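Each chain is listed here by its residues.
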Amino acid sequence: MTSQPVGLVIFDCDGVLVDSERLYCRVDREVFAELGAEFTEAELVEHFVGSPHEIWTALVEERRGRPLEPGWQEPYRVRYETVLDAELTEVEGVTDVLDALAVPYCLASNGSHAEIRRNLTRTGLLDRFDGRIFSARDVARGKPAPDLFLHAAATAGVPPERCAVVEDSPYGVRAARAAGMRAYGYAGGLTPAHRLEGPDTVVFEDMRKLAGLLALSR
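Before going into details, it helps to say that this report is about the structure given with it.

What counts, and where the lines are drawn
- Residues numbered from 1 in each chain as written.
- Predicted model: local features only at pLDDT ≥ 70, side-chain atom pairs only at ≥ 80, totals over all residues.
- Heavy atoms only, no water.
- Helix = DSSP H or I, 4+ residues; strand = E, 2+ residues; numbered from the N terminus.
- Rg over C-alpha atoms; globule rule 2.2 N^0.38 Å.
- Buried < 20%, exposed > 50% of the residue type's maximum accessible area, 1.4 Å probe, protein only.
- Contact = heavy atoms within 4.5 Å.
- Areas by Shrake-Rupley, 256 points an atom, 1.4 Å probe, with all protein chains shown as cover.
- Lys, Arg positive; Asp, Glu negative; His and termini not counted.
- Charge placed at Lys NZ, Arg CZ, Asp CG, Glu CD.
- Pairing = 2+ DSSP bridges.
- Axes fitted to C-alpha atoms, helices over the stretch in contact; angles between N-to-C directions.
- Phe/Tyr/Trp six-rings, centres within 6.5 Å; stacked < 30°, edge-to-face > 60°.
- Lys NZ or Arg CZ within 6 Å of the ring centre and 35° of its normal.
- Salt bridge = Lys/Arg side-chain N within 4 Å of Asp/Glu carboxyl O.

### Focus: the overall build of the chain
Here's step 1: Within the chain, the regular secondary structure consists of 10 helices and 6 strands.
Here's step 2: Radius of gyration (C-alpha) of the chain: 17 Å, near the 17 Å computed for a compact globule of 218 residues.
Here's step 3: In terms of its C-alpha atoms, the chain occupies a principal-axis envelope of roughly 50 × 30 × 30 Å.
Here's step 4: Here the chain holds 218 residues, and 50% of them are scored as buried.
Here's step 5: Excluding contacts between residues fewer than 6 apart, the proportion of contacts in the chain whose partners are at least 24 apart in sequence is 66%.
Here's step 6: Split by element, the accessible area of the chain, about 10,000 Å² in all, is 51% carbon and sulfur.
Here's step 7: Across the chain, 24 positive and 35 negative side-chain charges occur, with their mean positions spaced 3 Å apart.

### Observations concerning the side chain of Arg 64
Here's step 1: For Arg 64, the location among the structural elements is in helix H3 (residues 53-64).
Here's step 2: Those residues in contact with Arg 64, other than ones at most four positions away along the chain, are Leu 35, Gly 36, Ala 37 and Glu 69.

### Looking at the sheet that holds strand E6 (residues 201-204)
Here's step 1: Ordered in space as E3-E2-E1-E4-E5-E6, the 6 strands form an open sheet in which the pairing is parallel. Strands at the two margins of the open sheet, each flanked by one partner only, are strand E3 (133-135) and E6. Strand-to-strand, the axes of this sheet are offset by a mean angle of 20°, without reference to chain direction.
Here's step 2: In this sheet, strand E4 (residues 163-167) lies alongside strand E1 (residues 8-11) in parallel orientation, the contact comprising 4 bridges. If you follow Val 9 over to E4, its bridge partner there is Ala 164.

### Details of the packing of aromatic side chains
Here's step 1: For the structure on display, the rule yields 11 aromatic pairs.
Here's step 2: Geometrically, the ring pair formed by Tyr 24 and Tyr 80 is tilted, given 6.4 Å between the ring centres and 45° between the ring planes. You can see Tyr 24 sitting in helix H1 (residues 21-34) and its partner Tyr 80 sitting in helix H4 (residues 74-87), a full 56 residues away along the chain.
Here's step 3: When the centroid spacing of 6.0 Å and the interplanar angle of 70° are considered together, the rings of Phe 32 and Phe 39 count as edge-to-face. Pair check on accessibility: Phe 32 and Phe 39 agree, each one buried.
Here's step 4: Through pairs of rings, three or more aromatic residues link up here, namely Phe 32, Phe 39, Phe 48, Trp 56, Trp 72 and Tyr 76.
Here's step 5: Looking at Arg 132, its charged tip hangs above the ring of Tyr 105, at a distance of 4.6 Å from the centre.

### A short note on unusual backbone geometry
Here's step 1: Cis rather than trans, the peptide bond between Lys 143 and Pro 144 has omega equal to 20°.
Here's step 2: Within the secondary structure, Pro 144 is located in the loop between E3 and helix H8 (147-156).
Here's step 3: At Asp 200, a position not held by glycine, the phi torsion is positive, near 55°.
Here's step 4: Along the chain, Asp 200 falls in the loop between strand E5 (182-186) and E6.
Here's step 5: Overall, the relative accessible area of 38% leaves Asp 200 in the partly exposed class.

### Side note on the pattern of salt bridges
Here's step 1: For the coordinates displayed, the defined rule picks out 17 salt bridges.
Here's step 2: The salt bridge partner of Arg 22 is Asp 19, with a shortest N-O separation of 3.2 Å.
Here's step 3: We classify Arg 22 as partly exposed; its relative accessible area is 39%.
Here's step 4: One salt bridge in this structure joins Glu 87 and Arg 26, with 2.8 Å as the shortest N-O distance. Here the residue Glu 87 occupies a position in helix H4, and Arg 26 occupies one in helix H1, the gap between them amounting to 61 residues.

### Concerning the side chain of Asp 147
Here's step 1: Relative to the elements of secondary structure, Asp 147 occurs in helix H8.
Here's step 2: The exposure class of Asp 147 is buried, given its relative accessible area of 18%.
Here's step 3: For Asp 147, the residues in contact, after removing those within four places along its chain, are Val 139, Ala 140 and Arg 141.

Treat this as a map of the structure, not an account of what it does.
Structure below.
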């Protein structure tokens, strides 16, 4: 990939801006067990973190041996919301990074707009991204397809080769590569570094180092 100055930084939300993946996995394990689908924590990290809805739904249905009923999520929503309200925080160092960035940034997540805004509001980050939030619901295909990142870049008027994507899951890193963008794989959360490594990808564990890493690519 030709090295050009970064013109746009695209952040994932869960696990990159807000430390939600640990909470989701904890509640997921309880909920899926009640539905008849037992998963270990390692399996949840490997298969569920950053995965599109259709992938993890299929995994749950395969494990339980029958389809999920329509509306199955409704009785469990309050459990997730209660945990997020009580425990959700921003990823350590994120505010420092946003303050240090000298280029525009935005957010692109497989989550819905409502979910994204709630989690940003809970952590005090909404004002940082309001008006620059992109959801997989905005495009035909979410990550690992490149559609969402390409949509964000086109809206910002920045060519893909000048975009840097910050992700914490293999699905997101794959989407960045497919979009022709540089990927920065954050391994300070649940996903081990080796699952983020690959071409055009910088893997790092301390979010505070991101601004410096981005500056090196200029």
